[in-house]
Amino acid sequence: MIAVSVPLPLVLLGVVIGLTYGLLAVGLVLIYRSNRIINFAHGEIGGFAAALLVVFVVRNNLPYWLVFPFALAAGAGAAMTVEAVAVRRIRRAPAPMSIIATLGAGTFLALFGLAINTGLRRGSAFPQPPGLPSFAVGQLVLTPAYVAMLVITPLLVVGLALFLRFTRYGVAMRAAADNSDTASMSGISPTRMSSITWGIAGVVSAYTAILQMPSAGVMVAGMSVGPALLLRALLAAVIARLDSLPRALAAGVGIGVVEQVLLWNNPSSGQVEALLFFCTMVALFALRRRSGREEAQGSWLAATPWPPLPERLRQVWAIRNLGRLAFVATFLLFVLVSLTTNRAAYTFTLVAGYSLVGLSVFVVTGLTGQLSLGQFALAGVGAIASYQVAVRGGDPVVGVLLSGLTAAVAAVLIGLPALRLRGLLLTVSTISFALMCQGWLFSQSWAFSGGVDPGRPIYFDRAFLSSKSYYLFALPFLAVGFLLVWNVARGGVGRAFVAVRDNEDGARAFGVRAMRTKLLSFAIAGFLAGLGGAVILHAEARVTAGTFGAAASVTVVAMSVIGGISLLSGSLIGALYLIALPAFVPLDSAASAASTLGWLFLILYFPGGVAQLVRPLRERLIVLLARRAGVDPTDAAAEAATSEEASAITGAVRLADAPQVASVEQGGNAAGVQVRDIRRHFGGVRAVDGVTIDVQPREILGIIGPNGAGKTTLFEIIGGFTAPDAGSVIFDGTDVTKLAPEGRAALGIVRSFQDARLFPTMTVLECVRLSLERQSKTPVVASLLGLPTASRRERERDVQARALVETMGLDAYRSKTVAELSTGTRRITELACIVAMRPRLLLLDEPSSGIAQRESEALADVIRMIRDRLDTTVIVIEHDIPLVTSISDRMIAMDLGQVIAGGSPTEVCSHPAVVESYLGGNMAAIERSGRVRRRRSRAAVPQVSNGNGNGHGHAGAADGARCEAVTRSGERCSRAASVDGVCGQHAKVSSA
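Throughout what follows, the structure given in this document is the object of discussion. What you see is a predicted model, and the numbers here were worked out from it, not measured in a lab.

### Comments concerning the overall build of the protein chain
Scanning the protein chain from N- to C-terminus turns up 40 helices and 14 strands. In the protein chain, once contacts between residues fewer than 6 apart in sequence are set aside, the share between residues at least 24 apart is 77%.

Right, here's the structure in full:
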């Protein structure tokens, strides 16, 4: 039995230190609730305020309590400046870029604090708050700073919680954090509320740092709060589910007490970091996945340095292979470095190793949209494997490859708890892993304990002892890493990564298994980091636990962003900037701060990095190459430009007579679906309340109802994006209630989304290629290795995608990104993807939203064509009553989460409950493209059918006559008159 000693003074010390962790966690929670990002500059903001207090109190001999509120205000000002300059500036950029911006801001504040404190004596005591008591409890002396922490801190947190809950500003801050759009419509400025939140968090950080610094005993020039302290705060915030301020404080206190007890009873190095890593994994596993779809994050277009080229320019061989040619030229220049000095060769060996680790950041962040702050720790794990092979006299090439595989396994293990969740919680698990590795793992006897000499490799009796010879040994691994990532980026695996990055819910609806895809990307990233770790390991004469420290993981992320996070060569460009340049041009503290500020402003104004800066040069080179090949770049751009007048939906009707896509449009084997007593409540709101519907194979069921009726929530449940509280969904005789969206897509349940967002950075052609994955999966291993089977599969998929794109009237758009398309063109792109997926059950959520009135009839033909040609069951939510009544075999109406009417379109539209709840007693109120006023009375217009139930009869129509109905916008209907002076759709609505 293990004896554990827990003296009272130790508990008090743990409480005091834990209050520091809890306060930092409170600030992190405040920022996360406001902006949904983790502020990695939070500690440095407080350190900056503490540094200012020291300058005025110690250097200028000003009274402590006079300077104290000024220092708190400085913390608030620094935080608000970071929010305004760094976070707000790139608010529309993806969330990882915001976190990277806070990392840069934190680094700058730490270096700036170091610069302003340069003149102070090392070892000076940090000032204690005067006027507060100091007394001893056993061997523990409670200093005035400790007393202030114990007494004031709980009151501060309780006051903050009450402020947020009961005051007008607190309610406004919470409202802006929960839903900025709704808050704006209520007269609340989300920008102002965000700034106030950051200011409060800055005050909390400054207060924490000022009272925490005296515990160090001596004054540290930089006054920065390092990653180890931040990790404890992050863990407390995660335990509080990134939501509750009191729970965050309590969790911080608990962490502090446990830490002190562990150090007292077992003070061996690294035990605390290992325990914290374990607790972080458990806390992340305990977090529940949020049900439903979350708000879309910023577009990755902001971080994409180069737009796709027009098809005609890509047909020029030199332009199409420009990236390959640039890499070959760069690689040859790298080879020439071996002819210079050993010092230069050593530096460029580090560039190669860091570039490999940077490639791992490109895969996990640039392609998949996650952010890891532990890639250099993974490099260290791989280095251990290579070191163990080396000391046993094994093959060095095998050692390097084994290092990659070891790091890949480690990456999967640490990614499992975080990647199952939305957001960027991978940063929490990976920084915890990095600190655990630095504090414990790398100090083990079988790793780098006390420092080891890894030696240089000996291969086929040749020893690569000099830096120049080893550099030539390392370069091929850099080429292998780039080739691997190039295979990933250009194939189906890369498309799946980008789809998850751009729109995770959309990717899941397309059948992409998001969790598996993110784990695969992290495994590939781990493999690359392991290769980089092995290259760096053998370049060093002596390796210690600090060689692969946590700070290097932040450096490699900054390096990749500087070069271009969405660009394959970005890591190499960034490594030259951050590794090679300082090696030949040493920088002091002030210059380092200026350099950090420089790259911070670079990503703020050019999120695409250095690659975005050189874009004009690249475009000039492309123009030159095009003209030398006899292609006029101006004409190529003009051909790629499409007229806003073009009607892609109208063109899509050609699909009905398109034999060239017969391989794509094989029957979908339509299946019915039964929804049984589905219920879903959100708090006191009954979004869906006991809905039961049966949809037969090949039937088109229309769903109407006012906003808030529960229609989309019902779709979310049928599609698998929201779990019901009760009830079941039966598809083709199989209960799929607990099946994830990607699992349902594999069975043939395909859904569209109201915003038709698709994948903003992907081109139309790439979106269709992605949708073809449901029928023909990309072989992962073959694709990664670039084997002929994968290349052949990719060519076949490209032929199919091009044929379908042309048939759907999208040929002129195929090289355009989805973000460049109008809403109507995005709709037809989405329909093209749906056709390629061959759904058995299709869920269409307001397909006419955002398209022109003249295209609604063409859209109706497309939906019917999908049902007939693809053998598909269709459920459609639609507010355009003429459209939905013209295509539906049967309709239901919903209100307040319940079905209030069902039957034929005519029966539903004329049902008293529908007229009362949906129309407010006026049938014309719901006609999106229907009548607001008529020249004739409603009773004078009989319904005339053309025999197919669509109400498009021709009796009484004069040739060329125009419909007399007037739309809600006040304009006359543009359709041809067919019945009593009106078009068929208005005749049907009137008769209802």
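### Side note on the side chain of E699
Within the element layout of this structure, E699 appears in the loop between β6 (685-695) and β7 (700-704). Given the relative accessible area of 11%, E699 is considered buried. Among residues more than four places away in sequence, those in contact with E699 are D694, T873, V874, D889 and R890.

### Remarks on the pairing of strand β14 (residues 898-903)
With 5 bridges joining them, strand β13 (residues 890-895) and β14 adopt antiparallel strand pairing. Counted as the bridge partner of D895 is Q898 from β14.

### A look at the packing of helix α20 (residues 492-502) against helix α32 (residues 764-771)
Helix packing for two helices is described by the angle between their axes and how far apart those axes are. Contact pair α20 / α32: the axes reach a minimum separation of 10 Å and the direction vectors enclose 105 degrees. The angle between the axes of α20 and α32 places the two elements in the roughly perpendicular class. Contacts between α20 and α32 involve R495, A496 and A499 from the first element and E766, R769 and L770 from the second. Classifying every residue of the contact of α20 with α32 gives 3 nonpolar, no polar and 3 charged.

### Side note on a nonpolar patch on the surface
A surface patch of nonpolar side chains, about 580 Å² in accessible area, is lined by V85, F601, Y605, F606, L613, V614 and L617. Structurally, the position occupied by Y605 is in helix α25 (residues 589-605).

### A word on the packing of aromatic side chains
Any two aromatic rings considered together are summarised by their centre-to-centre distance and by the angle between their planes. Evaluation of the coordinates by the stated rule reveals 19 aromatic pairs. Relative to F548, the ring of F376 has its centre 5.7 Å away and its plane inclined at 35 degrees; by these criteria the two rings are tilted. In this pair, F376 sits in helix α16 (residues 375-391) while F548 sits in the loop between α22 (514-539) and α23 (550-563), placing the two residues 172 residues apart along the sequence. By the burial criterion, F376 is buried, and F548 matches it. Geometry around Y169 places R168 over its ring, the cationic atom sitting 5.2 Å from the centre.

### Examining the side chain of S848
Locating S848 in the fold gives a position in the loop between β11 (841-845) and α36 (856-869). Within polar-contact distance, the side chain of S848 engages the side chain of E878 at 2.6 Å.

### Quick word on unusual backbone geometry
Outside of glycine, negative phi angles account for most residues, and trans bonds account for most peptide bonds. Here L242, not a glycine, exhibits a phi torsion of approximately 55 degrees, which is positive. One non-glycine residue with positive phi stands out, namely L758, at about 55 degrees.

### Topic: the sheet that holds strand β12 (residues 873-877)
Spatial strand order, β10-β11-β12-β7-β13-β14: 6 strands in an open sheet with mixed pairing. Of all strands in the sheet, those with a lone pairing partner are β10 (749-751) and β14, marking the two edges. Each adjacent strand pair in this sheet contributes to an overall mean axis angle of 20 degrees, direction not counted. Pairing geometry for β11 and β12, over 5 bridges, is parallel. Of the residues in β12, the one forming a bridge with L844 is V876. Sheet contacts for helix α30 (residues 711-719): β7, β10, β11, β12 and β13; angle to β11, the most-contacted strand, approximately 150 degrees.

### What about the environment of L528?
Of note, L528 is situated in helix α22. For L528, a relative accessible area of 0% corresponds to the buried category. A sequence separation of 150 residues divides L528 from L378, and the C-alpha atoms of the two residues are 9.3 Å apart. Non-local contacts of L528, meaning those with residues more than four positions away in its chain, are made with L356, V357, L359, S360, V363, G481, L484 and V485.

### Some points on the sheet that holds strand β5 (residues 673-682)
Taken together, 4 strands build an open sheet; the order of strands is β6-β5-β8-β9 and the sheet is antiparallel. Taken across any chain shown, the strands that pair with only one partner, and hence form the sheet edges, are β6 and β9 (734-735). The pairing of strand β8 (residues 726-731) with β9 spans 2 bridges and is classified as antiparallel. In the sheet register, I730 faces β9, and the bridge partner there is D735.

### Comments concerning a positive patch on the surface
On the surface, R314, R320, R324 and R490 cluster together into a positively charged patch. As for its placement among the helices and strands, R324 is situated in helix α14 (residues 322-336).

### Quick look at helix α11 (residues 271-286)
Over its 16 residues, α11 extends 23 Å from the first C-alpha to the last, a length consistent with the 22 Å expected when each residue adds 1.5 Å. Residues V272, E273, L276, F277, T280, M281, A283 and L284 constitute the buried set of α11. As for α11, its buried residues are in contact with α9 (227-239), α10 (245-265), α17 (396-419) and α18 (426-439).

### Comments concerning the pattern of salt bridges
Oppositely charged side chains may form a pair once their charged atoms are brought near each other. Going through the model one piece at a time under the given rule, you end up with 29 salt bridges. Residues K518 and E504 are paired through a salt bridge, measuring 3.5 Å at the closest nitrogen-oxygen approach. A residue pair is termed long-range when its members are at least 10 positions apart, and K518 in helix α22 and E504 in helix α21 (residues 504-509) qualify at 14 residues. Like E504, K518 is buried. Between R890 and E699 there is a salt bridge, with its nearest N and O atoms 2.8 Å apart. Of the two residues, R890 is situated in strand β13 and E699 in the loop between β6 and β7; the sequence distance between them amounts to 191 residues. According to the relative accessible area criterion, R890 is partly exposed, its value standing at 24%. Salt bridges here are not isolated pairs; linked through shared partners, they connect R698, R867, D868, D871 and D889.

### Describing the packing of helix α1 (residues 8-35) against α10
Following both chains from N to C, one finds α1 and α10 inclined at 140 degrees, their axes separated by 6 Å at the closest point. Once α1 is placed against α10, the crossing between them reads as right-handed. Residue composition of the contact of α1 with α10, by class: 20 nonpolar, 6 polar and 2 charged.

Criteria and thresholds
- Residues numbered from 1 in each chain as written.
- Predicted model: local features only at pLDDT ≥ 70, side-chain atom pairs only at ≥ 80, totals over all residues.
- Heavy atoms only, no water.
- Helix = DSSP H or I, 4+ residues; strand = E, 2+ residues; numbered from the N terminus.
- Contact = heavy atoms within 4.5 Å.
- Buried < 20%, exposed > 50% of the residue type's maximum accessible area, 1.4 Å probe, protein only.
- Pairing = 2+ DSSP bridges.
- Axes fitted to C-alpha atoms, helices over the stretch in contact; angles between N-to-C directions.
- Parallel < 35°, antiparallel > 145°, perpendicular 65-115°, else oblique.
- Nonpolar A, V, L, I, M, F, W, Y, C, P; charged D, E, K, R; others polar.
- Patch = residues over 30% accessible without salt bridge, like charges linked within 9 Å, V, L, I, M, F, W, Y side chains within 5 Å.
- Areas by Shrake-Rupley, 256 points an atom, 1.4 Å probe, with all protein chains shown as cover.
- Salt bridge = Lys/Arg side-chain N within 4 Å of Asp/Glu carboxyl O.
- Phe/Tyr/Trp six-rings, centres within 6.5 Å; stacked < 30°, edge-to-face > 60°.
- Lys NZ or Arg CZ within 6 Å of the ring centre and 35° of its normal.
- Polar contact = N/O pair within 3.5 Å; in protein donor to acceptor, adjacent residues only side chain to side chain.
- Lys, Arg positive; Asp, Glu negative; His and termini not counted.
- Charge placed at Lys NZ, Arg CZ, Asp CG, Glu CD.
- Expected span 1.5 Å × (residues − 1).
- Left-handed = near helix turned anticlockwise from the far one by under 90°.

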